[in-house]
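Summary of the model geometry
So you can see what is in the structure, the chains are spelled out below.
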Amino acid sequence: MTIVTATDEVTAGDWREAVRKAASALVDAGAAGDGYPDACVRVVEENGPYIVLTKGLALVHARPEEGGLAVGVGVTRLAAPVEFGHPDNDPVDLLLAFCTPDPDAHVGTLSGLARALSGGLADRLRAASGRDDLTRTLKEALPDD
């Protein structure tokens, strides 16, 4: 069972705060441990802004052993976009955060999100009217488990 969360009109002063807030929604939902938001920030600090997959969208995550307690996926829509330093896809207004308890679930969740994104998920999330609609849209896009 995937835990799904959504936050809307989130304010963030920079990409680190945006990543922490997106990952913190997974902590609040019980899908990730307390250290997960900082682990997600470290991923970008160590590897660069590769998580900015397409125009305006970042896929926030860390390794399962860094705090994934369950399969969780969350969407965070920012009140104002932030820069990650990506040469093509900045600024980011939409963050999809996910966590998993093990590597197999990590790969499965990632591939499910990739399919949903190639099917227009980001546009549907941007068009959603508020948090409940964001949650519903994300749930509909994820494969049943």
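So, here is what we can say about the structure in this document. (Residues numbered from 1 in each chain as written. Predicted model: local features only at pLDDT ≥ 70, side-chain atom pairs only at ≥ 80, totals over all residues. Heavy atoms only, no water.)

Let's shift gears to the sheet that holds strand β4 (residues 72-82). The five strands lie next to each other as β1-β4-β5-β3-β2, forming an open sheet whose pairing is mixed. Taken across any chain shown, the strands that pair with only one partner, and hence form the sheet edges, are β1 (3-10) and β2 (52-54). Within this sheet the neighbouring strands show an average axis-to-axis angle of 25°, counted without direction. Relative to strand β5 (residues 92-99), β4 runs antiparallel, the two sharing seven bridges. Across the sheet, the residue bridging to Val-73 is Phe-98, located in β5. Taken strand by strand, helix α1 (residues 15-28) contacts β1, β3 (57-60), β4 and β5, and its axis lies near 40° from that of β5. In this fold helix α5 (residues 131-141) packs onto β1, β4 and β5, with an angle of close to 140° to the strand it touches most, β1. (Pairing = 2+ DSSP bridges. Helix = DSSP H or I, 4+ residues; strand = E, 2+ residues; numbered from the N terminus. Axes fitted to C-alpha atoms, helices over the stretch in contact; angles between N-to-C directions. Contact = heavy atoms within 4.5 Å.)

Right, let's talk about the side chain of Asn-89 for a bit. Within the fold, Asn-89 resides in the loop between β4 and β5. A residue is classified by how much of its surface remains accessible, and Asn-89, at 12% relative accessible area, is buried. A distance of 3.3 Å separates a polar side-chain atom of Asn-89 from the backbone oxygen of Val-52. Apart from the residues within four sequence positions on either side, Asn-89 is in contact with Val-52, Leu-53, Thr-54, Lys-55 and Gly-56. (Buried < 20%, exposed > 50% of the residue type's maximum accessible area, 1.4 Å probe, protein only. Polar contact = N/O pair within 3.5 Å; in protein donor to acceptor, adjacent residues only side chain to side chain.)

Okay, unusual backbone geometry next. Residues apart from glycine generally show negative phi values, whereas peptide bonds are mostly found in trans. Asp-90 connects to Pro-91 through a cis peptide bond whose omega is -10°. With respect to the helices, strands and loops of the structure, Pro-91 is situated in the loop between β4 and β5. At Glu-9, a position not held by glycine, the phi torsion is positive, near 55°. Inspection of the secondary structure puts Glu-9 in strand β1.

Another aspect to go through is the state of the cysteines. With the rule as written, the count across this model stands at zero disulfides. Note on Cys-40: no disulfide assigned, nearest cysteine sulfur contributed by Cys-99 at a separation of 8.2 Å. (Disulfide = S-S within 2.5 Å.)

Here the structure, examined in full by the defined rule, presents eight salt bridges. A salt bridge links Asp-8 to Arg-77; its shortest N-O distance comes to 2.7 Å. Pair noted here: Asp-8 is in strand β1 and Arg-77 is in strand β4, with a separation of 69 residues, a long-range link. On the basis of relative accessibility, which here comes to 22%, the residue Asp-8 falls in the partly exposed class. Between Arg-126 and Asp-93 there is a salt bridge; the shortest N-O distance is 2.8 Å. With a gap of 33 residues between them, Arg-126 in helix α4 (residues 121-127) and Asp-93 in strand β5 connect regions that are remote in the sequence. Using a relative accessible area of 29% as the deciding quantity, one classes Arg-126 as partly exposed. (Salt bridge = Lys/Arg side-chain N within 4 Å of Asp/Glu carboxyl O.)

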